[in-house]
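For reference, the chains in residue letters:
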Amino acid sequence: SLPPHVLHYAARLNSGVSSLMAIRRNSIGFIGTAIWISAGLLYAFIENHAVLALRPNEFADLLAGFFAPLAFFWLILGYMQQGEELALNTEALRLQAEELKESAEQQRQLVAATREQLANERETLAEERVRMNAAATPRFLFAHVGASLIAGPNNFEILIANSGGAARPLSLILVRPDGSKERIRTIPAMETGSEQKIALPHSILSGSPLSAEFQIEYRNIWGEPGTKLFTATADTNHMLIFQKRES
């Protein structure tokens, strides 16, 4: 298919050719008519005595015979004009069809480009959403900072740090071996980079080795709920080691 500017130029060229051919054809017609009429007048001038002697019906026959070739001549010119116009119209329709085809192809390419752009934008938004979700998700760290389990008091001190997004509020829940749950502490809010110390009784540990499972329930900065699971196990030095579990 041809480019649109080429099709437009071809249409203008056809229009110009049609105009030139019409001018040329009309010129031939006018010149031929002038020559024929001039020849007729010259004949009438030379044979004026014979022309004047004609009766009316004979004069009418003379005029009819004189103008009949001229009419046939213009009929031929008109037929040629119709043929040329038909050819030009056919070419114009072909060029128009080419232009419509090219326009449809450009529209198809535009639609494909738009779809690709929308897909890229959706992918970018999805990646941005994942990044924002990751930034808004709290990341909790536990550390045992109090006395040992043997020599210490009935309670031991635990440090909770948040290195991720803010959590508002936060609930620390003990998950017992039988599956029951006990809310042991609620913290109104833990901002990014904040720390919180809490005291937990030794009695939460059970089994061999001594361990306990904790569940943290929270809402992020967008109000969306979340859950984190941790396991606390007493090591050989009777200190708690915290491990994160998959929720």
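Residues numbered from 1 in each chain as written. Predicted model: local features only at pLDDT ≥ 70, side-chain atom pairs only at ≥ 80, totals over all residues. Heavy atoms only, no water.

**A short note on the packing of aromatic side chains**
Threshold: When the centres of two rings from Phe, Tyr and Trp lie within 6.5 Å, Trp using its six-membered ring, the rings pair. Their planes under 30 degrees apart give stacked, over 60 give edge-to-face, and anything left gives tilted. The helix count covers DSSP runs of H or I at least four residues long, the strand count covers runs of E at least two residues long, and both are numbered beginning at the N terminus. Burial status follows relative accessibility: with a 1.4 Å probe on protein chains alone, a residue under 20% of its type maximum counts as buried, one over 50% as exposed, and anything between as partly exposed.
One pass over the structure, following the stated rule, counts eight aromatic pairs. Plain terms: the ring middles of W36 and F66 are 5.5 Å apart, the flat faces sit at 20 degrees to each other, and that makes the pair stacked. In this pair, W36 is assigned in helix 1 (residues 4–46) and F66 in helix 3 (residues 56–136), connecting sequence segments 30 residues apart. With relative accessibility at 34%, the residue W36 sits in the partly exposed group.

**Concerning the environment of N220**
Where we set the bar: Contacts are assigned to residue pairs with any non-hydrogen atoms lying within 4.5 Å of each other.
If you trace the backbone, N220 turns up in the loop between strand 6 (211–219) and strand 7 (225–234). Take N220: its relative accessible area is 10%, and that puts it in the buried class. For N220 and L170, which are 50 residues apart along the polypeptide, the C-alpha to C-alpha distance reads 9.4 Å. Ignoring any residue separated from it by four or fewer positions in sequence, one finds N220 in contact with A136 and A166.

**Regarding the pattern of salt bridges**
Formally: Put simply, a salt bridge is a Lys or Arg side-chain nitrogen that is within 4 Å of an Asp or Glu carboxyl oxygen.
Counted by the stated rule, this structure contains seven salt bridges. Among the ionic pairs, E58 bridges to R55, the shortest N-O distance being 3.3 Å. The salt bridge involving R168 is made with E191; its shortest N-O contact spans 2.8 Å. In this pair, R168 sits in the loop between strand 2 (155–162) and strand 3 (170–175) while E191 sits in the loop between strand 4 (181–187) and strand 5 (195–201), placing the two residues 23 residues apart along the sequence. R168 sits in the partly exposed class, given a relative accessible area of 42%. Assessed through its relative accessible area of 34%, E191 is described here as partly exposed.

**Comments concerning the pairing of strand 1 (residues 140–144)**
To keep things clear, this is the line we draw: When DSSP finds two or more bridges between two strands, those strands count as paired.
Burial along strand 1 is one-sided: the face carrying F140, F142 and H144 is buried and the face carrying L141 and A143 is not. In this sheet, strand 2 lies alongside strand 1 in antiparallel orientation, the contact comprising five bridges. Within strand 2, the position partnered with H144 by the bridge is I158.

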